[in-house]
Amino acid sequence: QAHATEGQTLNAVVFDAIIQQWHVGPSASHAMLLLTLLLEGGVLLVAANSIFIFAPSLLGHMASDSWLPHQFRNLSSKLVRHNGILFVGVCAVLILTWTKGKVDVLLVLFSINVFLSLALTKLGLCRHWWRTRNGSTAWPIRFSLAMTAFGITAGILVVTLVEKFTVGGWVTVCLTAFVISLCVTIKRHYRWVTER
């Protein structure tokens with residue numbers, strides 16, 4: 001029965017309602033709610049900053065495979081990370097400016113791309129376990145787990161796309177398609193240069 005409350009996030013309202021069911025007293029429930037929200041904020045802080053840890057390495061690997069400009073891989077490790085962090089920071093500022101910081105659009109952009117990444121990763125695992133099935137006796141279990149995970153993440157992706165298509169989902173599809181086409185164009189350019 002959570003409803004929007006002035007001055008509170010929906011998570012605060014939901015967790016407060018859950019904690020009130022425990023009948024622990026006002027000061028204990030307030031402390032528990034505060035602890036829950038602090039832990040939630042900590043998780044979000046780590047998640048928001050993890051992009052600065054993993055993105056430079058990912059960009060470097062993509063550049064090594066010619067999906068991105070080679071400048072992301074050709075310099076020393078410190079400078080590659082520096083370029084990656086600057087790139088991610090500039091992209092974040094551009095997205096915030098473009099969406100005018102509207103959380104509903106940013107959340108749809110984030111969730112669709114997260115579940116697209118997760119679904120593709122699980123599909124890659126399915127492909128891996130199918131290809132290596134002759135070398136392992138445990139492959140049916142691993143393949144089944146990967147297939148189940150793919151089904152769940154792909155299902156969430158489809159539901160999110162359908163439910164949020166008019167509220168920013170179409171923008172996400174266009175933006176993601178643009179980034180993919182940009183990477184394909186870069187890959188084709190490097191292939192063309194190699195052939196020459």
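Residues numbered from 1 in each chain as written. Predicted model: local features only at pLDDT ≥ 70, side-chain atom pairs only at ≥ 80, totals over all residues. Heavy atoms only, no water.

Engineer: Explain unusual backbone geometry here, please?
Structural biologist: Among all residues save glycine, negative phi is the norm, and among peptide bonds the norm is trans. For His23, which is not glycine, the phi torsion reads 50° and is therefore positive. Counting through the fold element by element, His23 comes out in the loop between helix H1 (10–20) and helix H2 (26–64). (Helix = DSSP H or I, 4+ residues; strand = E, 2+ residues; numbered from the N terminus.)

Engineer: Looking at this structure, how should I read the confidence of the model for the protein?
Structural biologist: Keep in mind that low pLDDT regions are not for reading the predicted coordinates in detail. Chain-level pLDDT for the protein is 86 on average; 96% of the residues reach the 70-or-more range. Summarising per-element confidence for the protein, the mean pLDDT is lowest in helix H3 (residues 77–99) (79) and highest in helix H5 (residues 139–164) (93). (pLDDT = per-residue confidence, 0-100.)

Engineer: Got a minute to help me understand the nonpolar core in this structure?
Structural biologist: Nonpolar side chains in soluble globular proteins tend to be buried together. One finds Ala55, Leu59, Ala63, Leu68, Phe72, Val88, Cys183, Ile186 and Tyr190 forming the largest nonpolar core, which totals nine residues. Of all the secondary structure elements, the ones that give two or more residues to this core are H2 and helix H6 (169–195). (Core = buried A, V, L, I, M, F, W, Y, C linked by side-chain atoms within 4.5 Å. Buried < 20%, exposed > 50% of the residue type's maximum accessible area, 1.4 Å probe, protein only.)

Engineer: I tried to follow the packing of aromatic side chains on my own but got confused; where do I start?
Structural biologist: Each aromatic ring pair is characterised by the separation of its centres together with the angle its planes make. One pass over the full model with this rule turns up three aromatic pairs. Ring plane angle 50° and centroid distance 5.7 Å describe the contact between Trp130 and Phe143, whose orientation is recorded as tilted. Of the two residues, Trp130 sits in helix H4 (residues 103–131) while Phe143 sits in helix H5, which places them 13 residues apart along the sequence. Assessed through its relative accessible area of 43%, Trp130 is described here as partly exposed. Through pairs of rings, three or more aromatic residues link up here, namely Trp130, Trp139 and Phe143. (Phe/Tyr/Trp six-rings, centres within 6.5 Å; stacked < 30°, edge-to-face > 60°.)

Engineer: Looking at this structure, I do not really get the layout of surface pockets. What am I missing?
Structural biologist: Over the atoms rolls a probe the size of a water molecule, and its path tells where empty space is left. In this structure, the largest pocket occupies an estimated 2,200 Å³ of space. Around the largest pocket sit 42 residues that line it, and Ile51, Cys91, Ile95, Asn113 and Val179 are the ones nearest its centre. Where the lining of the largest pocket is concerned, the elements lending two or more residues are H2, H3, H4 and H6. Among the elements that take part in the lining of the largest pocket, H2 stands out by supplying eleven residues, more than any other. Considering only residue class, the lining of the largest pocket consists of 38 nonpolar, four polar and no charged. (1 Å grid on protein atoms, 1.4 Å probe; cavity = no way out; pocket = protein on both sides within 12 Å on 5 of 7 lines; lining within 4 Å. Points joined across faces, edges and corners; volume = space filled by probe spheres on them. Nonpolar A, V, L, I, M, F, W, Y, C, P; charged D, E, K, R; others polar.)

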